[in-house]
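As a plain string of letters, each chain reads:
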Amino acid sequence: EVQLVESGGGLVQAGGSLRLSCAASGFTFDDYAIGWFRQAPGKEREGVSCITSSDGSTYYAASMKGRFTISSDNAKNTVYLQMSSLKPEDTAVYYCAADLGRTCHGYDYWGQGTQVTVSS
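Here's a quick rundown of the structure. All values reported here derive from a predicted model rather than from experimental measurement.

Quick notes on the rules
Residues numbered from 1 in each chain as written. Predicted model: local features only at pLDDT ≥ 70, side-chain atom pairs only at ≥ 80, totals over all residues. Heavy atoms only, no water. Helix = DSSP H or I, 4+ residues; strand = E, 2+ residues; numbered from the N terminus. Buried < 20%, exposed > 50% of the residue type's maximum accessible area, 1.4 Å probe, protein only. Contact = heavy atoms within 4.5 Å. Disulfide = S-S within 2.5 Å. Pairing = 2+ DSSP bridges. Axes fitted to C-alpha atoms, helices over the stretch in contact; angles between N-to-C directions. Phe/Tyr/Trp six-rings, centres within 6.5 Å; stacked < 30°, edge-to-face > 60°.

### Section: the overall build of the protein chain
And then number 1: Helix and strand content of the protein chain: zero helices and eleven strands.
And then number 2: Counting helices and strands in the order they occur from the N terminus, the protein chain gives β-β-β-β-β-β-β-β-β-β-β.
And then number 3: Across its three principal directions, the C-alpha atoms of the protein chain cover 40 × 25 × 25 Å.
And then number 4: In the protein chain, which comprises 120 residues, the proportion classed as buried is 42%.
And then number 5: A fraction of 55% describes how many contacts in the protein chain between residues 6 or more apart in sequence connect residues 24 or more apart.

See below:
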């Protein structure tokens, strides 16, 4: 069974850093694009970043570019989101998702999410 499990969330002060992990089972990341999303209370879910495991191409939402870095360890079937210079507005539940089409669109599988809280 395909499963995605996020970890690494927690409470951090503004300006601090966190690294989120997305561990996959039931498939290999080489066959998918993996995206990170977030949803804050009362707001729509928004895309954060995506990586295509086949060639390592990365994409970022404009507001996160330069602060967040996505990377993958295909041998461990894990994708990371390194978050730096965190702001209170980054507070959200962060989800990872897998796109079988490898296009960073039309995601097929989703994790349960991990809470990130940034204090001011």
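Moving on from the coordinates now.
### Things to note about the state of the cysteines
And then number 1: For the coordinates displayed, the defined rule picks out two disulfides.
And then number 2: The disulfide bridge from Cys-22 ends at Cys-96, spanning 2.1 Å between sulfur atoms. Between Cys-22 and Cys-96 the disulfide shows an S-S torsion of about 70°. By sign, it is right-handed. Of this pair, Cys-22 sits in strand S3 (residues 18–25) while Cys-96 sits in strand S9 (residues 92–99), and the two are 74 residues apart along the sequence. You'll find Cys-22 and Cys-96 in the same group, each marked buried.

### Examining the sheet that holds S3
And then number 1: Strand order in the open sheet made by the four strands is S1-S3-S8-S7, with antiparallel pairing throughout. Pairing within the sheet leaves two strands with one partner each, and these edge strands are strand S1 (3–7) and strand S7 (68–73). Each strand axis lies, on average, 15° off the axis of its neighbour in the sheet, ignoring direction.
And then number 2: Where S1 meets S3, five bridges bridge the pair, whose relative direction is antiparallel. Bridge pairing in S3 links Gln-3 to Ser-25.

### So, the packing of aromatic side chains
And then number 1: Counted by the stated rule, this structure contains six aromatic pairs.
And then number 2: Taken together, a centroid distance of 4.8 Å and an interplanar angle of 50° make the contact between Phe-37 and Trp-110 tilted. Of this pair, Phe-37 sits in strand S4 (residues 33–39) while Trp-110 sits in strand S10 (residues 109–110), and the two are 73 residues apart along the sequence.
And then number 3: Residue classification places Trp-110 among the partly exposed residues on the basis of a relative accessible area of 31%.

Interpretation in functional terms is not warranted from these geometric data alone.
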